[in-house]
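Below, each chain spelled out in residue letters.
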Amino acid sequence: MSVSGELSSSAVEGLLHDGKLAGSWVLDGTRSQVRLTTKSMWGLAPVKGAFGQVRGNGTLSAAGQATGVITVAAGSLDTKNKKRDDHLRSAEFFDVANHPDITFTVEGIRPGIGGATVTGSLTVRGRSRPLSFEARVSSFDGAEVWLDADVVVDRSDFGLTWNQLGMASMRNTITIHAAFTRS
């Protein structure tokens, strides 16, 4: 499989408008990654983790209209610290007993700065918020496309407000590498 480098906005526009990306796509969970980075200890200590279970699919029409969903198992977060991971799974954070999944529902994709602008809705703990972000697009021999993005979210927007003594940042960065294959 031949994968080219990152595509420019005009290259993405060309692929969207000529219908070459049209069809159904499946997220390859074994080659995709969703990582979380935040700061703790009043911004002095970075906390990094990765979600071990991610799945998804999408459809792109010949006219360039995109729909789809990416689902992340909230309980699969691994920060390499069992006590912290258990706390993150608790009702004070992700509440995985009641809200096992984090979902991003794709409502659109269009050419954007450095590749594509992806729009949709992020749902965490049963709270949905609109979300739009810039993604770098790498492609593609007709069977595969990659989207890479760094998305900053405020966890309080989703009810994740636990913050003992103000030591945990509300701003978090979600880093996404989504490898889609044609289905």
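Scroll up for the structure.
Everything numeric here is computed off the predicted structure, so don't read it as measured data.

Draft legend 1. Spotlight on the environment of R55. Mapped onto the secondary structure, R55 falls in strand β5 (residues 54–60). A residue is classified by how much of its surface remains accessible, and R55, at 47% relative accessible area, is partly exposed. For the pair R55 and T103, spaced 48 residues apart in the sequence, the C-alpha separation amounts to 9.7 Å. Excluding residues that lie within four positions of it along the chain, R55 makes contacts with L27, V69, I70, T71 and D101.

Draft legend 2. Structural view of unusual backbone geometry. The residue K80 is not glycine, and still its phi comes out positive at about 70 degrees. Along the polypeptide, K80 turns up in the loop between β7 (77–78) and α2 (82–89). By relative accessible area, K80 is classed as exposed at 73%. Backbone geometry at R125 places phi at a positive 55 degrees, although glycine is not the residue there. Tracing the backbone shows R125 in the loop between β9 (115–124) and β10 (127–139). Relative accessible area serves as the criterion here: at 22%, R125 is assigned to the partly exposed category.

Draft legend 3. Broad picture of the pattern of salt bridges. Counted by the stated rule, this structure contains six salt bridges. Where R89 meets D86, a salt bridge forms, and the shortest distance between an N and an O atom there is 3.7 Å. Of the two residues, R89 and D86 are both situated in helix α2; the distance of three residues between them amounts to about one turn of the helix.

Draft legend 4. Geometry of the side chain of S32. Among the structural elements, S32 can be located in the loop between β2 (23–27) and β3 (33–40). Classification of S32 as buried rests on a relative accessible area of 8%. A distance of 2.8 Å separates a polar atom in the side chain of S32 from the backbone oxygen of D28. Of the polar contacts made by the side chain of S32, one reaches the backbone nitrogen of A179; its length is 2.9 Å.

Conventions and cut-offs
- Residues numbered from 1 in each chain as written.
- Predicted model: local features only at pLDDT ≥ 70, side-chain atom pairs only at ≥ 80, totals over all residues.
- Heavy atoms only, no water.
- Helix = DSSP H or I, 4+ residues; strand = E, 2+ residues; numbered from the N terminus.
- Buried < 20%, exposed > 50% of the residue type's maximum accessible area, 1.4 Å probe, protein only.
- Contact = heavy atoms within 4.5 Å.
- Salt bridge = Lys/Arg side-chain N within 4 Å of Asp/Glu carboxyl O.
- Polar contact = N/O pair within 3.5 Å; in protein donor to acceptor, adjacent residues only side chain to side chain.

Read these as spatial facts, not as claims about activity.
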